[in-house]
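The primary structure of each chain is shown beneath.
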Amino acid sequence: MKLVYPAIFSPWEDGKGYTVEVPDLPGCVTEGPTLAEAIFMGEDAAAGWVLDELEDGRSAPVASAMSDIHPEEGGFVSLLSLDMDAYAEKYGSAAVRKNCTIPAWLNTFAESQHVNFSKVLTDGLTQLYQSSR
């Protein structure tokens, strides 16, 4: 899933860095000593914020139009691009419980082999996910 959010970039008083705020993600504020670092940090902070929402079963907030965002004097608005699939693959950690049904004979075999059912399902789904990209 790809998402785009407008962010407010406010230059530091000494002119050597930027504070980044994502108005659609309450409390999502970060900074960087250069514009490139500020953009990177903004995307990282926003993706982490959204991932927490998704892992808690909530939807990603709808992004505001850039024209609806008004920075203070000296600041500017730019878009942050979030690749949530890549971010979740790297940093996602929430686990969910799944109940599945398999044939009894296969269960007997797997238990005799001390198979970790969660690992087998995770490995299989990961392989399927990676082949679909």
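Residues numbered from 1 in each chain as written. Predicted model: local features only at pLDDT ≥ 70, side-chain atom pairs only at ≥ 80, totals over all residues. Heavy atoms only, no water.

J.: I would appreciate a short explanation of the pairing of strand β1 (residues 2-11) in the present structure.
T.: Along a regular strand, successive side chains alternate from one face of the sheet to the other. Note: β1 against strand β4 (residues 76-83), eight bridges, orientation antiparallel. For Val4, the partnering residue across the bridge sits in β4 and is Ser81. Judged from the four bridges that link them, β1 and strand β2 (residues 18-21) form a sheet pairing that is antiparallel. Counted as the bridge partner of Pro11 is Tyr18 from β2. (Pairing = 2+ DSSP bridges. Helix = DSSP H or I, 4+ residues; strand = E, 2+ residues; numbered from the N terminus.)

J.: What's the story with the sheet that holds β4 in this structure? I'm lost.
T.: Whether parallel or antiparallel, the strands of a sheet pair through hydrogen bonds between backbone atoms. Taken in spatial order, the four strands line up as β3-β2-β1-β4 in an open sheet, and their pairing is antiparallel. Lying at the two open borders of the sheet, with one neighbouring strand each, are β3 (29-32) and β4. Here the average twist between neighbouring strands, direction ignored, is 35°. Both β2 and β3 contribute to a ladder of four bridges, which runs antiparallel. Directly across from Thr19, in β3, lies its bridge partner Glu31. Its contacts with the sheet put helix α1 (residues 35-55) on β1, β2, β3 and β4, and the angle it makes with β4 is roughly 55°. The sheet strands contacting helix α2 (residues 84-91) are β1 and β4, and the helix crosses β4 at an angle near 60°. (Axes fitted to C-alpha atoms, helices over the stretch in contact; angles between N-to-C directions. Contact = heavy atoms within 4.5 Å.)

J.: Hey, could you run me through the confidence of the model for the protein in this one?
T.: Interpretation of the predicted coordinates at a detailed level should be avoided for regions scoring low in pLDDT. Of all residues in the protein, 96% have pLDDT values of 70 or greater, and the mean over the chain is 91. Within the protein, the element-level pLDDT minimum falls on α2, averaging 84, and the maximum on β2, averaging 97. (pLDDT = per-residue confidence, 0-100.)

J.: Looking at this model, I keep getting lost on a nonpolar patch on the surface. Mind explaining?
T.: Together, Ile102, Trp105, Leu106, Phe109 and Phe117 line one region of the surface with nonpolar side chains, adding up to about 510 Å² of accessible area. The element best represented in the nonpolar patch is helix α3 (residues 104-112), accounting for three residues. Checked against the element boundaries, Leu106 lands in helix α3. For Leu106, a relative accessible area of 32% gives the class partly exposed. (Patch = residues over 30% accessible without salt bridge, like charges linked within 9 Å, V, L, I, M, F, W, Y side chains within 5 Å. Areas by Shrake-Rupley, 256 points an atom, 1.4 Å probe, with all protein chains shown as cover. Salt bridge = Lys/Arg side-chain N within 4 Å of Asp/Glu carboxyl O. Buried < 20%, exposed > 50% of the residue type's maximum accessible area, 1.4 Å probe, protein only.)

J.: I keep staring at the packing of α1 against α2 and nothing clicks. Help me out?
T.: Describing two packed helices takes the angle between their axes plus the distance from one axis to the other. Taken N-terminus to C-terminus, the directions of α1 and α2 make an angle of 75°; their axes are 10 Å apart at the nearest point. With respect to α2, the element α1 is oriented roughly perpendicular. Together, Asp44, Ala47, Gly48, Val50, Leu51 and Leu54 of α1 and Met84, Tyr87, Ala88 and Tyr91 of α2 make up the contact between the two elements. Among the residues making up the contact of α1 with α2, the classes are represented as eight nonpolar, one polar and one charged. (Parallel < 35°, antiparallel > 145°, perpendicular 65-115°, else oblique. Nonpolar A, V, L, I, M, F, W, Y, C, P; charged D, E, K, R; others polar.)

J.: In this structure, what is going on with the side chain of Glu53? I would like to understand it.
T.: Mapping Glu53 onto the fold places it in helix α1. On the basis of relative accessible area, Glu53 is assigned to the buried category, the value being 17%. Non-local contacts of Glu53, meaning those with residues more than four positions away in its chain, are made with Arg58 and Ser59.

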